[in-house]
Amino acid sequence: MQTLTADVAARFAGIALGHVGREFPSKLDHVLTGPADLAGPRDLHPIFYGSFDWHSAVHSHWLLARVLRRFPDVAGASDVRAWLAGAFTAENVAGELAYLARPAAGGFERPYGWAWLLMLQAELEAHETAQGRDWAEALRPLARVFEARFAGWLPRATYPTRVGTHGSSAFALALAQRYAAFAGEPGFETLLAEAARRWFGADADARPFEPSGVDFLSPTLMQAECLRRLIPAEAFAAWFARFLPRLAEGEPATLFEPATVSDRTDGQIAHLDGLNLSRAWCWRHLASAAPAALRPRLLDAAERHLAAALPHLADHYMGEHWLASFALLALDD
């Protein structure tokens, strides 16, 4: 099985450092309420202005923070530390908070960016160095805002969004669960679990229509991974057996076959490299919770999906600005 080594981690960090400070090209999630709202990415987002879009900048910072925690002496570590120290300042966080306080920013990056910001905060909270603790303290007010937004939104979200793109409800819950141990409100994980059960608990005998031409997540596997994280192991085992009852026969076959990526210069088609990486991530986790007889088949699927995507993390900027984060999830989550 492929694993994260110091050399691979250094490569991922080098990719991320190449774009976290690259302001353009940029795809903003920005509502204009008047001429005064016209501004560039760096003015709007003092920390997360690079990496093509806000959420990719967030998870690229997560990548850098995780690589540094896992391999403190990795090649390029001093550059990573310098970047994070310059990013996670009280002044920069105040700028990000000011953007969120705009009346038109209530739905900004919901739920994908929300979840990645909490994932980033959870990573910083796990750092044991004084510098890492300082970064966690600096960013914590921003995480608390997104925690509160989750708490306000989830009870009102009657239906889940079952897609393989940014709107995925299952992906958002799965990432937010990592932050639950550090949440300001002790009931935060319960809130996530209640939503997961409400949305997905009755599902059975999945017949997936995937991949679509724009998926970077598997709607089917992501739903399973969400519940694996948020319900007790025994309950999950029973649910998983009902949800995908023919895994031992290699069905649904579409989940076992890596997606074909025909044009990595096309931002939507390039999503499919991310699908292969996120499927590998899910298969590895689901194998750990599956019956022993199933594990070799699921782990083989994970390895084949990894092999299809890992050589292409930096083929073109449409994938380069985000794929390494998904590779890190698949190899080291």
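Before any of the text, the structure's been laid out above.
This one's a predicted model, so the numbers in the text were calculated from it and none came from an experiment. (Residues numbered from 1 in each chain as written. Predicted model: local features only at pLDDT ≥ 70, side-chain atom pairs only at ≥ 80, totals over all residues. Heavy atoms only, no water.)

The subject of this paragraph is the packing of aromatic side chains. This structure, assessed with the given rule, holds 27 aromatic pairs. A ring pair is formed by F216 and W322, whose centres lie 5.6 Å apart and whose planes are at 65°; its orientation type is edge-to-face. In this pair, F216 is assigned in the loop between α9 (188-200) and α10 (219-230) and W322 in the loop between α14 (317-320) and α15 (323-332), connecting sequence segments 106 residues apart. Exposure class is identical for F216 and W322. Each is buried. Between F216 and F326, the aromatic rings sit 5.9 Å apart at their centres with planes inclined by 90°, giving edge-to-face as the arrangement. Pair noted here: F216 is in the loop between α9 and α10 and F326 is in helix α15, with a separation of 110 residues, a long-range link. There is no split in this pair, since F216 and F326 are both buried. (Phe/Tyr/Trp six-rings, centres within 6.5 Å; stacked < 30°, edge-to-face > 60°. Helix = DSSP H or I, 4+ residues; strand = E, 2+ residues; numbered from the N terminus. Buried < 20%, exposed > 50% of the residue type's maximum accessible area, 1.4 Å probe, protein only.)

In this structure, P25 follows F24 across a cis peptide bond, with omega equal to 0°. Here E210 and P211 are connected by a cis peptide whose omega angle stands at 0°. Relative to the elements of secondary structure, P211 occurs in the loop between α9 and α10. Backbone geometry at S51 places phi at a positive 60°, although glycine is not the residue there. For S51, a relative accessible area of 0% corresponds to the buried category. Of note in the backbone geometry, D205 takes a positive phi value of approximately 50° without being a glycine. Tracing the sequence through the fold places D205 in the loop between α9 and α10.

What follows is about the nonpolar core. Ranked by size, the top nonpolar core spans 113 residues in total, and within it F48, F88, W116, L117, L120, F150 and W283 carry the most contacts. The leading source of residues in this core is helix α6 (residues 112-125), at 10 residues. Those residues in contact with F88 that lie beyond four places of it in its chain are I47, F48, H61, L120, L124, W135, A138 and L139. (Core = buried A, V, L, I, M, F, W, Y, C linked by side-chain atoms within 4.5 Å. Contact = heavy atoms within 4.5 Å.)

Given a rise of 1.5 Å per residue, 12 residues ought to cover 16 Å, and the 16 Å separating the end C-alpha atoms of helix α1 (residues 6-17) matches this to within 8%. If you check which residues of α1 are buried, you get A9, A10, F12, A13, I15 and A16. Taken together, the buried residues of α1 touch α3 (54-70), α4 (77-87), α14 and α15. (Expected span 1.5 Å × (residues − 1).)

Right, let's get into the packing of α9 against α10. Look at α9 against α10: their axes get within 10 Å of each other, and the N-to-C directions meet at 135°. By the angle between their directions, the pair α9 and α10 is classed as oblique. Here the hand of the crossing between α9 and α10 comes out left-handed. Taking contact as the criterion, the partners of E189, L192, A193, A196, R197 and F200 in α9 are, on α10, Q223, C226, L227, R229 and L230. Of the residues in the contact of α9 with α10, the class split is seven nonpolar, one polar and three charged. (Axes fitted to C-alpha atoms, helices over the stretch in contact; angles between N-to-C directions. Parallel < 35°, antiparallel > 145°, perpendicular 65-115°, else oblique. Left-handed = near helix turned anticlockwise from the far one by under 90°. Nonpolar A, V, L, I, M, F, W, Y, C, P; charged D, E, K, R; others polar.)

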